[in-house]
Amino acid sequence: MRFYTIEAEGKYLPVVSADGGKTGYVLSDLGFNDKDIAEFVRDNAEDKVKKISEVIKTADSSKAVDMQSAKICAPIMHPDQDIICLGINYKDHAAESAKFDKDAFSDKIDYTIYFGKHVAYASASGDPIPLYEGLVEGLDYESELGVVIGTTCKAVSKEDAMSKVFGYTIINDVSARNLQTRHKQWLLGKGLDGFTPMGPCIVTPDELGDPEDLEISSLVNGELRQHSNTGLMIQTIPGAITELSAGMTLKAGTIIATGTPSGVGMGFTPPKFLNKGDRVICRIEGIGEIENYVE
């Protein structure tokens, strides 16, 4: 199934689709009172997904939402906490990062790099990416697979890790390279408002299949920039969940961004950073795409 947030008549409504995103149903029309997707995930999501899979079979088709014409927002617009990000999690991205700034990045990664991405709100596909003239230099894009934890957990084994996942989404980890390198850590350079486009939905594991064998790409103004496969991640999804949960509680609704492959703006010579009016598409097989423009 696919979970969306849509805007209708000034309200933000949680929606579920069982036909690949063609049509959907507002959760309240199926008897679920969760105010948003975050609440749905926090409150026994696994059990509710099972119930929805049965209820939706006999749902009143007159209440179906045409998802092709709906105003789709980020599935989780206001995460309860910062997104946990994996830095330099593809070998080819490690190489291009070190080439751009060898003092700020290393191509030799002995242990996974984790950092927090502050998210005041997650942008929708179609929303602008702020240029922040005078503050940001080297505005960059990063297409990433996002993992949404569905069950609060701690000390999870690798064998059990994937059972804790609610679903998967697309994240554009927008980055200000000058702030990222200047401050010697990545929170400020990646946490500005409007720097987290997400969506278009959260796809549950049963529909997506193997999350570590998905084509992942990005395009800028129609030019293919990134093109890789999630199977090339250095740290795996279960590996990250196990390592993180060894000493911290991962609450239901936690979002993990799994890193980006090569082809980001700073990886070119000279760099191909984003400029006003540029349009960026981040695309992942089985989930869809998000498109944003620089304003």
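Residues numbered from 1 in each chain as written. Predicted model: local features only at pLDDT ≥ 70, side-chain atom pairs only at ≥ 80, totals over all residues. Heavy atoms only, no water.

Helix and strand content of the protein: 8 helices and 18 strands. Its C-alpha atoms give the protein a radius of gyration of 19 Å, within 12% of the compact-globule value 19 Å for 295 residues. Relative to its 295 residues, the protein shows a buried fraction of 53%. In the protein, of all internal contacts separated by at least 6 residues, the share reaching a separation of at least 24 is 75%. Of the accessible surface of the protein, which amounts to about 12900 Å², a share of 49% is contributed by carbon and sulfur atoms. Both charge centroids of the protein, one from 29 positive and one from 44 negative side chains, sit 3 Å from each other. (Helix = DSSP H or I, 4+ residues; strand = E, 2+ residues; numbered from the N terminus. Rg over C-alpha atoms; globule rule 2.2 N^0.38 Å. Buried < 20%, exposed > 50% of the residue type's maximum accessible area, 1.4 Å probe, protein only. Contact = heavy atoms within 4.5 Å. Areas by Shrake-Rupley, 256 points an atom, 1.4 Å probe, with all protein chains shown as cover. Lys, Arg positive; Asp, Glu negative; His and termini not counted. Charge placed at Lys NZ, Arg CZ, Asp CG, Glu CD.)

As a further point, take the pattern of salt bridges. Taken as a whole and judged by the stated rule, the model has 16 salt bridges. Note that K51 is salt-bridged to D47, the shortest N-O span being 3.3 Å. Within this pair, K51 and its partner D47 are both found in helix α2 (residues 45–55), separated by 4 residues, close to a single helical turn. The class for K51 is partly exposed, based on a relative accessible area of 45%. (Salt bridge = Lys/Arg side-chain N within 4 Å of Asp/Glu carboxyl O.)

Let us now look at the environment of T204. Looking at the secondary structure, you find T204 in the loop between β13 (198–203) and α7 (205–208). Along the backbone, T204 and Y168 are 36 residues apart, and their C-alpha atoms lie at a distance of 6.5 Å. For T204, the contacting residues outside a window of four places in its chain are M1, F3, F166 and G167. A polar side-chain atom of T204 sits 2.7 Å from the main-chain amide nitrogen of M1. (Polar contact = N/O pair within 3.5 Å; in protein donor to acceptor, adjacent residues only side chain to side chain.)

So, about empty space enclosed by the protein. Per the stated rule, a full pass over the model turns up 3 cavities of 30 Å³ or more. Taken as a whole, the largest cavity spans an internal volume of roughly 80 Å³. In this structure, the largest cavity is lined by 16 residues; those nearest its centre are G87, I88, H93, E142 and K190. Every element with two or more residues in the lining of the largest cavity is listed here: β6 (83–87) and α5 (177–182). Each residue belonging to the lining of the largest cavity can be placed in one class, and the counts come to 6 nonpolar, 5 polar and 5 charged. (1 Å grid on protein atoms, 1.4 Å probe; cavity = no way out; pocket = protein on both sides within 12 Å on 5 of 7 lines; lining within 4 Å. Points joined across faces, edges and corners; volume = space filled by probe spheres on them. Nonpolar A, V, L, I, M, F, W, Y, C, P; charged D, E, K, R; others polar.)

By volume, the largest pocket amounts to about 270 Å³. As for the largest pocket, its lining consists of 20 residues, and the residues nearest its centre are Y4, I72, S125, P200 and E289. Sorting the residues of the lining of the largest pocket by element identifies β1 (2–8), β5 (71–73), β13 and β18 (288–294) as the ones contributing at least two each. Counted by class, the lining of the largest pocket contains 10 nonpolar, 6 polar and 4 charged residues. E46, V49, V165, F166 and P205 are the residues nearest the centre of the second largest pocket, which is lined by 13 residues in total. With 4 residues, the single largest contributor to the lining of the second largest pocket is α2. The residue makeup of the lining of the second largest pocket, split by class, is 5 nonpolar, 4 polar and 4 charged.

Attention now goes to the packing of aromatic side chains. Enumeration according to the criterion identifies 8 aromatic pairs in this entry. Ring centres of F105 and W186 lie 5.8 Å apart, and the angle between their planes is 45 degrees; this geometry places the pair in the tilted category. Linking F105 in the loop between α3 (91–100) and β7 (113–117) with W186 in the loop between α5 and α6 (187–190), this pair joins segments that are 81 residues apart in sequence. Across this residue pair, the class does not change: F105 and W186 are buried. Each ring, one from Y132 and one from F195, has its centre 5.8 Å from the other, and the planes form 70 degrees; the classification is edge-to-face. Of this pair, Y132 sits in the loop between β8 (128–129) and β9 (139–140) while F195 is found in the loop between α6 and β13, placing the two residues 63 residues apart along the sequence. Its relative accessible area of 0% is what places F195 among the buried residues. The structure contains a cluster of three or more aromatic residues connected by ring pairs, namely F3, F32, F40 and F166. Over the face of the ring belonging to F268 we find R225, whose NZ or CZ atom lies 5.5 Å from the ring centre. (Phe/Tyr/Trp six-rings, centres within 6.5 Å; stacked < 30°, edge-to-face > 60°. Lys NZ or Arg CZ within 6 Å of the ring centre and 35° of its normal.)

Limitation: the analysis is restricted to geometry and does not speak to function.
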